[in-house]
Amino acid sequence: MENNEKILKKPDFNEAIIQLFKFLESENPEVKNFLIKSYKGLAVSPETEERFYNYFISHSVFSAATVANPATSVITELLYKGAEELNLLSPIDQYFLNSKAGRSIKARLEAIEEELHKIIEEYRQKGGEVLIGNLGSGPGRDVIDVFASHYRNVSYVKAIHIDKDRFALEKGKRMAKIKRVNHLINFIEGNFLKYKPAEKFDIALLIGILCPLEFEICITVLKKIKQFLKKDGCLIASNVSKKMLKEDPFTCHLMRLGNWRMIFKDEDELKQIFKKAGYEWKRCFTDSYGFNIMGVGIPRFYF
C-alpha cells in the first residue's frame, strides 16, 4: 500500500491541494490522512470519518452551509464573489474559492448573463414585453445584473423570482434595490413546481437545479416547467458537466464529503433530457472552463 507522501507526489494533486494538505498536516494530520485515503478509495473507520465531518463543519463556512442545506444559495453567492472580494480566513474555504470547480461557478454566472441579454434582445425584436421566470432563483443575481446593465430605465422587460428560501429572496430584494431594478422584479416565496402563473413566461431560467437530480427526475421537472412557458418561449437550464469531474476530481470529492452531491451529465445527456421532456433542443453554451452546460430549448406542445 502506498504511503501518503508517495500519493501526494501523484500528478492529480495540484498546487492548491498540496497547500491545503500542508496546512492540515500542521493543524490536524488525521484530517489530511483521511482526505487522502478516502479520495484514493482506501478504507477509513467510521470514527475517523465522523471526526473529519465535525472538523470541516467547524472550520469551513462552505462545509457548514452545505451540510445544513445542500441547496443553499449561500455557497453560490460566495463563489460568485470569488477569493478576491472575500476575506474568508479558513484554508478550506480558500481552497474551494481557488479551485477550478469553484471558479467555474462565477464563470457560469458570467456566461449566463451574457447569453441571457442576447436572448432577451431576440424576444424584444418580436415586439411587446418580455417576462422572465427565474425558477429556484435564490437571490437571482443573474437577472438582477443583466437588468442593471441593460434595462434599468425600461418597463418592457420584467422578471419573477421564485424560491423556497425566504432569506435568499430578501437578499435578492436588497440587491435589486441597490442596483435600482427592484421595480422590474417580483419576488415570490414558494416551490416553483407548484407555481400557478397569472402570465406565462417568455424565458425561464433553471440554474443549478438539475445538478443533483437523476435523469428521469430532470425530465419530470422540465415537463412541469413547460406549463409556465408561452408557445414560443424558451428554457435555459444548467447542469454540471462530466468535465468538472474529470479535471477537478479532488474538489468533487470534497463536495461529496460535504453533502454537496452532483450528478454530472454531458451535453448529449442534457439534450436527451430536453427532448424527452418535450422541448426542441436549440443549442447550448458553457462557462469558460466547460464545467457547466447551459441548454437552451423551446417547448413543443401537441394539441
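Residues numbered from 1 in each chain as written. Predicted model: local features only at pLDDT ≥ 70, side-chain atom pairs only at ≥ 80, totals over all residues. Heavy atoms only, no water.

On to the overall build of the protein. Secondary structure assignment for the protein yields 14 helices and seven strands. Against the globule reference of 19 Å for 303 residues, the protein gives a C-alpha radius of gyration of 21 Å, in line with a compact fold. Reported as C-alpha extents along the three principal axes, the dimensions of the protein are approximately 65 × 40 × 30 Å. Here the protein, with 303 residues, has 51% of them falling under the buried criterion. Sequence separation of at least 24 residues holds for 73% of the intrachain contacts in the protein that already meet a minimum separation of 6. Counting only carbon and sulfur atoms, one obtains 51% of the accessible surface of the protein, whose full area is about 14,600 Å². Charged side chains in the protein number 47 positive and 40 negative. The centres of these two groups are separated by 4 Å. (Helix = DSSP H or I, 4+ residues; strand = E, 2+ residues; numbered from the N terminus. Rg over C-alpha atoms; globule rule 2.2 N^0.38 Å. Buried < 20%, exposed > 50% of the residue type's maximum accessible area, 1.4 Å probe, protein only. Contact = heavy atoms within 4.5 Å. Areas by Shrake-Rupley, 256 points an atom, 1.4 Å probe, with all protein chains shown as cover. Lys, Arg positive; Asp, Glu negative; His and termini not counted. Charge placed at Lys NZ, Arg CZ, Asp CG, Glu CD.)

Time to look at the side chain of Asp 142. In this structure, Asp 142 sits in helix 9 (residues 141-150). It is Arg 108 that comes nearest to the buried, bridge-free Asp 142 among opposite-charge side chains, at 7.0 Å. Separated by 3.1 Å, the side chains of Asp 142 and Asn 134 make a polar contact. Dropping the residues within four chain positions of it, Asp 142 is found in contact with Leu 109, Ile 112, Glu 113, Asn 134, Leu 205 and Ile 207. (Salt bridge = Lys/Arg side-chain N within 4 Å of Asp/Glu carboxyl O. Polar contact = N/O pair within 3.5 Å; in protein donor to acceptor, adjacent residues only side chain to side chain.)

Attention now moves to the pairing of strand 1 (residues 130-135). With six of its six residues buried, strand 1 lies for the most part within the structure. Here strand 1 shows a buried face lined by Val 130, Ile 132 and Asn 134 and a second buried face lined by Leu 131, Gly 133 and Leu 135. Bridging between strand 1 and strand 2 (residues 157-163) involves six bridges; their strand directions are parallel. The residue bridging Gly 133 from the neighbouring strand is Ile 160, located in strand 2. Handedness of the β-α-β unit built from strand 1, helix 9 and strand 2 comes out right-handed. (Pairing = 2+ DSSP bridges. Right-handed = clockwise from strand over helix to strand, strands pointing away.)

Here we take up the pattern of salt bridges. Scanning the model with the defined rule gives 15 salt bridges in all. Arg 51 is paired through a salt bridge with Glu 30; the nearest N and O atoms lie 2.7 Å apart. Here Arg 51 is found in helix 4 (residues 46-59), whereas its partner Glu 30 is found in helix 3 (residues 29-39), with 21 residues between them in sequence. Arg 51 sits in the partly exposed class, given a relative accessible area of 43%. The closest approach of N and O atoms between Lys 230 and Asp 202, which form a salt bridge, is 3.1 Å.

Looking at the secondary structure, you find Asn 292 in strand 7 (residues 292-299). A polar side-chain atom of Asn 292 sits 3.4 Å from a polar atom in the side chain of Ser 104. For Asn 292, the contacting residues outside a window of four places in its chain are Ser 104, Ile 105, Arg 108, Asn 239, Val 240, Ser 241, Phe 285, Thr 286 and Asp 287.

Below, the discussion takes up the state of the cysteines. The tally for this structure, following the rule as stated, stands at zero disulfides. Unpaired in this structure, Cys 218 has its nearest cysteine sulfur neighbour in Cys 211, at a distance of 8.6 Å. Of the residues examined, Cys 218 reaches a relative accessible area of 0% and is grouped as buried. In this structure Cys 284 is not part of a disulfide, and its nearest cysteine sulfur, from Cys 234, lies 14 Å away. (Disulfide = S-S within 2.5 Å.)

Along the chain, Val 61 falls in helix 5 (residues 61-68). Residue class for Val 61 comes out partly exposed when judged on its relative accessible area of 39%.

This next bit is on the pairing of strand 2. For strand 2, a buried count of six out of seven residues is recorded, marking the element as mostly surrounded by other parts of the structure. For the segment spanning strand 2, helix 10 (residues 166-178) and strand 3 (residues 185-189), crossover handedness is right-handed.

Bringing the nonpolar core into the picture now. As a rule of thumb, nonpolar side chains are buried together in soluble globular proteins. Residues Phe 21, Leu 35, Phe 56, Phe 250 and Leu 254 are the most contacted members of the largest nonpolar core, which totals 38 residues. Only helix 2 (15-27), helix 3, helix 4, helix 5, helix 6 (73-81), helix 7 (91-98), helix 8 (100-124) and helix 13 (249-257) provide two or more residues apiece to this core. Counting residues in hydrophobic clusters, the runner-up holds 33 residues, among them Val 143, Leu 184, Phe 187 and Leu 205. (Core = buried A, V, L, I, M, F, W, Y, C linked by side-chain atoms within 4.5 Å.)

Running from N to C, helix 8 and helix 9 cross one another at 55°; their axes reach a closest spacing of 9 Å. Judged by the inter-axis angle, helix 8 sits oblique to helix 9. The crossing of helix 8 and helix 9 is right-handed. Counted together, Leu 109, Ile 112, Glu 113, Leu 116, His 117 and Ile 120 of helix 8 and Arg 141, Asp 142, Val 143, Asp 145, Val 146, Phe 147 and His 150 of helix 9 form the full contact between these two elements. Split by residue class, the contact of helix 8 with helix 9 holds seven nonpolar, two polar and four charged. (Axes fitted to C-alpha atoms, helices over the stretch in contact; angles between N-to-C directions. Parallel < 35°, antiparallel > 145°, perpendicular 65-115°, else oblique. Left-handed = near helix turned anticlockwise from the far one by under 90°. Nonpolar A, V, L, I, M, F, W, Y, C, P; charged D, E, K, R; others polar.)

When its volume is computed, the largest pocket comes out at roughly 1,000 Å³. What lines the largest pocket is a set of 49 residues, among which Ala 71, Gly 136, Ile 207, Gly 208 and Ile 209 lie closest to the centre. Among the elements of the structure, helix 6, helix 8, strand 1, helix 9 and helix 13 are those that each provide at least two residues to the lining of the largest pocket. Considering each element in turn, the lining of the largest pocket owes the most residues, six residues, to helix 6. Each residue belonging to the lining of the largest pocket can be placed in one class, and the counts come to 24 nonpolar, 17 polar and eight charged. (1 Å grid on protein atoms, 1.4 Å probe; cavity = no way out; pocket = protein on both sides within 12 Å on 5 of 7 lines; lining within 4 Å. Points joined across faces, edges and corners; volume = space filled by probe spheres on them.)

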